[in-house]
Amino acid sequence: QVFRLTSKTNAKRFYDALQLSVIKELDQNWAFNGSYTLAFYRGDSDELLTRSFDNPRQNVYERGYLADDHRHTVKGQFYYLFDWGLSIGVTGQYVTGGPYSSLYLNDYDGDYTNRRAPRGKNTGEDLNDPSDDRQNRLPDLLTFNLRASFNFKPLTGVDVEIIGEVFNLLNAGAVTSVDNRVTEEGGFGDTLNYQTPFSANLGLRYRL
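Since the structure is predicted, the reported quantities are computational estimates derived from the model, not experimental observations.

Before we go on, may I ask you to explain the pairing of strand β5 (residues 86-95) in this structure?
Where a strand is regular, its side chains alternate between the two sheet faces. By the bridge criterion, nine bridges tie strand β4 (residues 72-81) to β5 in an arrangement that is antiparallel. Bridge pairing links Phe 78 to Val 90 in β5. Hairpin connection of β4 to β5: four residues between the antiparallel strands, including Gly 85 at a positive phi of 110°. Sheet topology places β5 next to strand β10 (residues 141-151); 10 bridges connect them, and they run antiparallel. Looking at the pairing, Leu 86 lines up with Phe 150 of β10.

Shown next as structure tokens:
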């Protein structure tokens, strides 16, 4: 085999999005900002170095929705700062699941690189009927994080701060990746990874 690094002029990515944002800050004690994003991300490859277009017979299937195509994203942040040194902040994010492809064995390279439907899709009952192809989508992700800190400076004059952080407050465990290989033994769609589980940090900071 001979590998040649080159650029394909027909390899492209397209990202189209509409974002609505709200920012509210009435005084120095509290603020809120939130956003909603409607996005479409499609193209021929997720990677900078790719196998796309290595097999010309597969070119018709290369273009589709890429792995980071999250159709809807909702984000929110809120914090409140008390005059006596306590501050509390909460962040939340809801993201719809991204697509994944159905890959079949390529006898030549011995890997699962063949497609029978466009990127991000699976074939329906009729292999020769593109109209019954269906999308493969991962589950939606919902995450809340919490941060609280207390600064002793208003009480003692010493700038010492205790900080506590909680990640994935609800301990959500949505699937983040699956097996996309279609094999005779089965296993297509089996879970490979989940959201990072609940975790917490506690810290102490001193400033001169």
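Where do I start with the packing of aromatic side chains in this structure?
Ring pairs (aromatic) are described by centroid distance and by the angle formed between their planes. With the rule as written, the count across this model stands at seven aromatic pairs. Among the aromatic residues, ring-to-ring pairing joins Tyr 80, Phe 82, Trp 84, Phe 150 and Phe 152 into one connected group. In this structure, Arg 71 is placed above the aromatic ring of Tyr 65, and the distance from its NZ or CZ to the ring centre is 4.9 Å. Positioned above the aromatic ring of Tyr 65, the side-chain terminus of Arg 137 is 6.0 Å from the ring centre.

Honestly, the side chain of Asn 114 in this entry has me stumped. Any pointers?
Its location among the elements puts Asn 114 in strand β7 (residues 111-114). Within the local environment of Asn 114, its side chain forms a polar contact with the side chain of Asn 106, the two groups lying 2.9 Å apart. Dropping the residues within four chain positions of it, Asn 114 is found in contact with Asn 55, Gln 58, Ser 102, Leu 103, Tyr 104, Leu 105 and Asn 106.

Help me understand the side chain of Glu 62 in this model?
On the secondary structure map, Glu 62 appears in helix α1 (residues 59-62). Non-local contacts of Glu 62, meaning those with residues more than four positions away in its chain, are made with Gly 43, Asp 44, Ser 52, Phe 53, Arg 115 and Arg 119.

How should I be thinking about the environment of Asp 133 in this particular structure?
As for its position among the elements, Asp 133 is in the loop between β8 (121-122) and β9 (134-135). Sequence separation between Asp 133 and Arg 116 is 17 residues; the distance between their C-alpha atoms is 9.6 Å. Those residues in contact with Asp 133, other than ones at most four positions away along the chain, are Ala 117, Pro 118, Lys 121, Asn 122, Thr 123 and Gly 124.

Conventions used here
- Residues numbered from 1 in each chain as written.
- Predicted model: local features only at pLDDT ≥ 70, side-chain atom pairs only at ≥ 80, totals over all residues.
- Heavy atoms only, no water.
- Pairing = 2+ DSSP bridges.
- Helix = DSSP H or I, 4+ residues; strand = E, 2+ residues; numbered from the N terminus.
- Phe/Tyr/Trp six-rings, centres within 6.5 Å; stacked < 30°, edge-to-face > 60°.
- Lys NZ or Arg CZ within 6 Å of the ring centre and 35° of its normal.
- Polar contact = N/O pair within 3.5 Å; in protein donor to acceptor, adjacent residues only side chain to side chain.
- Contact = heavy atoms within 4.5 Å.

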